[in-house]
Amino acid sequence: MNIALGVGGGIAAYKAAELARLLEERGFVVQVLMTEAAQQFVRPLTFAALTGRKVITDLFASAGGEETLSSAVEHIRVAQDNQMLIVAPATADLLARFAHGLASDFLTTLYLAFTGTVVLAPAMNTNMWRHPATQANLETLRRRGHHIVEPEEGHLACGMTGPGRLAQPERIAAIASAAAVQLRDLEGERIVVTAGPTEEPIDPVRFISNRSSGKMGYSLAQAAAARGADVVLVSGPVTLPDPYGVTVLRVRTASDMRQAVMEHLKDASIIVKAAAVADYHVANVASRKLKKTAMRLSLELDPTVDILAEVGQKKGDRLLIGFAAETENLVAEARRKMETKNCDMVVGNLVGTDGTGFEADQNEVTLVVRTGDVIKLPRATKLEVANWIFDHALKLRLALHAAQ
Ligand SMILES: Cc1cc2nc3c(=O)[nH]c(=O)nc-3n(C[C@H](O)[C@H](O)[C@H](O)COP(=O)(O)O)c2cc1C
């Protein structure tokens, strides 16, 4: 689910950075917009780094010059692309402009064009909060059905004590999650996602592994959980924190991963195999640390179990989504994998291209689907890509049911 996060020009603007992080952690795709005043308090770069997306700072930034009309009316695009608008901190000025329908900058123009859920988290000096003008504006906004996250009481930056402090980012994120309930299109699904590399030991201290960071699989788990699914994430060794609301099973080797996947296969309705599982493991793992000598050392490797193929054989009417990281012939390889492993969709990504694939925060993938479709998705953050994969998976299931 996509959220537009508007940041107003108040002292608490810095807390919106924590809110953006928490929302991303909960699987939302966050597009930050800052008012001119907000940029006096926090730099857009902070939000760009946290969300991986350019921050919108100006209504006219993309209008004119070489730009096309479609990028010039970005406020309309943002209004259409996002299902929720959160404003934190909502300044007294923003509350007034929203209440009276002014469209004098990007955020207020977006607000007027926006038809989704609106969550406003005001923060201001106690007297500004209590002022009848502010209270009347709040009343108007409440009557419009917007969620108002009441400010907390406490010591304020201006030196006063009283109501006006921005609600804790955790509370705003929780209210946003609750408001998103109606958009939980994966509710009732039980999804198993695999992520990360595996480690195949050579001796007690060394292992063979690969460059998978786990970010794509973690984004898939995060996105599915945010959309209401019951998610089990079987993760190889990675340094990522557990996604919010997901059951994480940490494993090490391909054999461990196979066991964990098979244990959860029975209950699953969708299986997404995003892990980069080792193809080989060391045949004779040394029980003690191998000593360095001047001699050449050879390792004997045996093939590991093919988890994707085994799930493909046992999947029944479950939806199976595989991944193919290739350096060439992407579509042909993805199609071959779909056929030989009995997948319903294979997500192909070219590794070795700039800024995508392993370790990167962005990805550019092509979906090869059982219906014969080949869908090239634009380069986007892994969380956005994850959401698109589930959008297409749901469409595919409908198409497969219709064809039966
Ligand atoms: C240091 C400083 C702190 C401010 N803090 C707040 C605040 O917490 N809440 C508020 O409503 N306005 C606050 N203001 C006033 C707003 O910045 C001002 O009304 C501005 O026009 C708001 O613009 P915006 O609503 O477009 O972000 C503050 C101003 C200054 C100079």
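None of these values were measured; they are calculated from a predicted model. Residue positions are given per chain, counting from 1 as you read along its sequence in written order. A pLDDT threshold of at least 70 governs which residues receive local features in this predicted model, and a stricter bar of 80 or more applies before side-chain atom pairs are shown or counted, although totals over entire chains, interfaces and linings include all residues.

A. Focus on the site of the ligand. Every one of the 15 residues lining the ligand counts as a neighbour, but G9, G10, T35, A37 and T91 are closest to it. Any residue outside Ala, Val, Leu, Ile, Met, Phe, Trp, Tyr, Cys, Pro, Asp, Glu, Lys and Arg is labelled polar, Gly included; the first ten of those are nonpolar and the last four are charged. Residues belonging to the shell around the ligand are distributed by class as follows: nine nonpolar, five polar and one charged. The criterion for a residue being near a molecule or strand is a backbone-placed C-beta atom within 6 Å of that molecule or strand.

B. Looking closely at the sheet that holds strand β3 (residues 84-90). What the five strands build is an open sheet, ordered β2-β1-β3-β4-β5; its pairing is parallel. The open sheet has two edge strands with one neighbour each: β2 (29-34) and β5 (147-148). For strand β1 (residues 2-7) and β3, the ladder comprises four bridges, and the chain directions are parallel. Following the sheet pairing, A4 is matched in β3 by L85. In this scheme, strands are said to pair when DSSP sees at least two bridges between them. Note on conventions: DSSP H or I runs of at least 4 residues are helices, E runs of at least 2 residues are strands, and numbering of each starts at the N terminus.

C. Region of interest: helix α9 (residues 132-143). The span expected for a helix works out to 1.5 Å for each residue beyond the first. With twelve residues, α9 should reach 16 Å at 1.5 Å per residue; the first-to-last C-alpha distance of 16 Å fits that figure. On its buried face, α9 sits against α6 (92-100), α8 (126-130) and β5. Looking at the residues trailing α9, positive phi occurs at G145, about 90 degrees. By definition, residue pairs are in contact when their C-beta atoms, positioned from the backbone, come within 7 Å.

D. How the structure looks around helix α14 (residues 330-341). Over its twelve residues, α14 extends 16 Å from the first C-alpha to the last, a length consistent with the 16 Å expected when each residue adds 1.5 Å. Three exposure classes are used, all based on how many other C-beta atoms lie within 10 Å of a residue's own C-beta (placed from the backbone): buried at 20 or more, exposed at 12 or fewer, and partly exposed between those limits. Taken together, the buried positions of α14 are L330, A334, K337, M338 and K341. Summarising the axial view, the buried residues of α14 lie within an arc of 100 degrees, below the 170-degree limit, and thus occupy one face. Those residues of α14 that are exposed and angled more than 90 degrees off the buried face are A332 and T340. Looking at the buried side of α14, the elements it contacts are α13 (307-314), β16 (319-326), β17 (345-350) and β19 (365-369). The arc in question is formed by the directions pointing from the helix axis toward the C-beta atoms.

E. Up close: the pairing of strand β8 (residues 190-195). Most of β8 sits inside the fold, with five of its six residues counted as buried. Two strands pair when backbone bridges link them, and β8 and strand β11 (residues 230-235) are joined in this way by six bridges, in the parallel orientation. Note on β11: the bridge partner recorded for V192 is V232. Across four bridges, the pairing between β8 and strand β13 (residues 270-273) is parallel. Bridge assignment links T194 to a residue of β13, and that residue is K273.

F. Broad picture of the packing of helix α12 (residues 254-265) against α13. Relative to each other, α12 and α13 sit at 15 degrees, their axes nearing to 10 Å. Taken together, the axis directions place α12 and α13 in an arrangement best described as roughly parallel. Where α12 crosses over α13, the handedness of that crossing is right-handed. Every residue of α13 that contacts α12 at M257, R258, V261 and L265 is listed here: I307, V311 and K314. Class assignment for the residues of the contact of α12 with α13 results in five nonpolar, no polar and two charged. To get an axis, a line is fitted to the C-alpha atoms, and for a helix only the part in contact is used. The angle between two axes follows their N-to-C directions and goes from 0 to 180 degrees. The scheme is simple: roughly parallel for angles under 35 degrees, roughly antiparallel for over 145, roughly perpendicular for 65 to 115, oblique for anything else. Two helices crossing with the near one rotated counterclockwise from the far one by less than a right angle form a left-handed crossing, whereas a clockwise rotation gives a right-handed crossing.

G. Spotlight on the nonpolar core. The term nonpolar core means buried Ala, Val, Leu, Ile, Met, Phe, Trp, Tyr and Cys residues held together as one set by C-beta atoms within 7 Å. Residues I3, L5, A121, V193 and A224 are the most contacted members of the largest nonpolar core, which totals 111 residues. If one sorts the elements of this core by residue count, helix α11 (residues 215-226) sits on top with eight residues. All the domain ranges listed were derived from an automatic or database domain assignment. Looking at this core, you find at least three residues from each of domain 1 (2-183) and domain 2 (190-403). Discounting chain neighbours no more than four positions away, the residues touching A121 are V87, A88, P89, A90, V149, L166, A167 and I172.

H. Focus on the pairing of β13. Residue alternation in β13 divides its side chains into two sets, I270 and V272 and I271 and K273, and both sets are buried. As defined by bridge partners, β13 adjoins β16 across four bridges and the pair is classed as parallel. Counted as the bridge partner of K273 is G322 from β16.

I. Broad picture of the domain arrangement of the protein. Taken domain by domain, the protein holds domain 1 (2-183) and domain 2 (190-403). If you average the C-alpha positions of domain 1 and of domain 2, the two centres end up 36 Å apart. Listed per partner, the contact involves eight residues of domain 1 and twelve residues of domain 2. Its residues assigned to classes, the side of domain 1 that touches domain 2 shows two nonpolar, two polar and four charged.

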